[in-house]
Amino acid sequence: DSMSARKVLIVDDSATERHFMSELFGKQGYVVITAENGEEAVAKARSERPSVVVMDVVMPGQSGFQITRALSRDPDTGGIPVIICSSKNTETDRIWGLRQGAREYLTKPVRPEVLLARVAELAR
């Protein structure tokens, strides 16, 4: 059934954040995949076909904005909703993130219940 197929891809260079998110979504019954950089994120989005991608912004190498743009412009992954979770909380950053193709822009620290609710909405 569709419930068992709900898969979330967590993209974050912080092992702590990846662990926290994996626990959070795992407890809700999601299949959790993680990536720590852009290259890995794009490869896993293509191979794993997640229901939703939760994207950090500030990472070494490609930023979350660049990865979001790459995913949203690729016909293979363009249909996968991306939620950006960023420590950058200006309106300019938010608009820029959405312009790259993100469906949602949340600022850190993100309240777990807010993140879970948005993922649940977009993962349908």
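Remember, it's a predicted structure, so these values are computed and weren't measured experimentally.

### Let's talk about the packing of helix 1 (residues 15-27) against helix 5 (residues 112-122)
Then, in step 1: Helix 5 packs onto helix 1 with a crossing angle of 60° between their chain directions and a minimal axis gap of 11 Å. In terms of axis orientation, helix 1 runs oblique to helix 5. In this structure, helix 1 crosses over helix 5, and the sense of that crossing is right-handed. On helix 5, the residues that touch Phe20, Met21, Leu24 and Phe25 of helix 1 are Pro112, Leu115, Leu116 and Val119.
Then, in step 2: Of the residues assigned to the contact of helix 1 with helix 5, the class counts are 8 nonpolar, no polar and no charged.

### Considering the pairing of strand 2 (residues 31-35)
Then, in step 1: Here strand 1 (residues 7-11) runs beside strand 2; their pairing, made up of 5 bridges, is parallel. Each residue of the ladder has a partner; that of Leu9, found in strand 2, is Ile33.
Then, in step 2: After leaving strand 1, the chain enters helix 1 and then returns to the sheet as strand 2, a path that is right-handed.

### Regarding the packing of aromatic side chains
Then, in step 1: One pass over the full model with this rule turns up 2 aromatic pairs.
Then, in step 2: Plain terms: the ring middles of Phe25 and Tyr30 are 5.4 Å apart, the flat faces sit at 90° to each other, and that makes the pair edge-to-face. Note on accessibility: Phe25 and Tyr30 belong to one class, buried.
Then, in step 3: The positively charged end of Arg6 is found above the aromatic ring belonging to Tyr30, 4.1 Å away from the centroid.

### Considering the sheet that holds strand 1
Then, in step 1: Read from one edge to the other, the open sheet built from 5 strands follows the order 2-1-3-4-5, with strand pairing classed as parallel. The two strands at the open ends of the sheet, each matched to only one other strand, are strand 2 and strand 5 (104-107). For this sheet, the mean angle separating the axes of adjacent strands, direction not counted, is 20°.
Then, in step 2: Lying over the sheet, helix 2 (residues 38-48) contacts strand 1 and strand 2, oriented at roughly 150° with respect to strand 2.
Then, in step 3: Its contacts with the sheet put helix 4 (residues 91-99) on strand 4 (82-86) and strand 5, and the angle it makes with strand 5 is roughly 145°.

Definitions and limits used
- Residues numbered from 1 in each chain as written.
- Predicted model: local features only at pLDDT ≥ 70, side-chain atom pairs only at ≥ 80, totals over all residues.
- Heavy atoms only, no water.
- Axes fitted to C-alpha atoms, helices over the stretch in contact; angles between N-to-C directions.
- Helix = DSSP H or I, 4+ residues; strand = E, 2+ residues; numbered from the N terminus.
- Parallel < 35°, antiparallel > 145°, perpendicular 65-115°, else oblique.
- Left-handed = near helix turned anticlockwise from the far one by under 90°.
- Contact = heavy atoms within 4.5 Å.
- Nonpolar A, V, L, I, M, F, W, Y, C, P; charged D, E, K, R; others polar.
- Pairing = 2+ DSSP bridges.
- Right-handed = clockwise from strand over helix to strand, strands pointing away.
- Phe/Tyr/Trp six-rings, centres within 6.5 Å; stacked < 30°, edge-to-face > 60°.
- Buried < 20%, exposed > 50% of the residue type's maximum accessible area, 1.4 Å probe, protein only.
- Lys NZ or Arg CZ within 6 Å of the ring centre and 35° of its normal.

The analysis is restricted to geometry; functional conclusions fall outside its scope.
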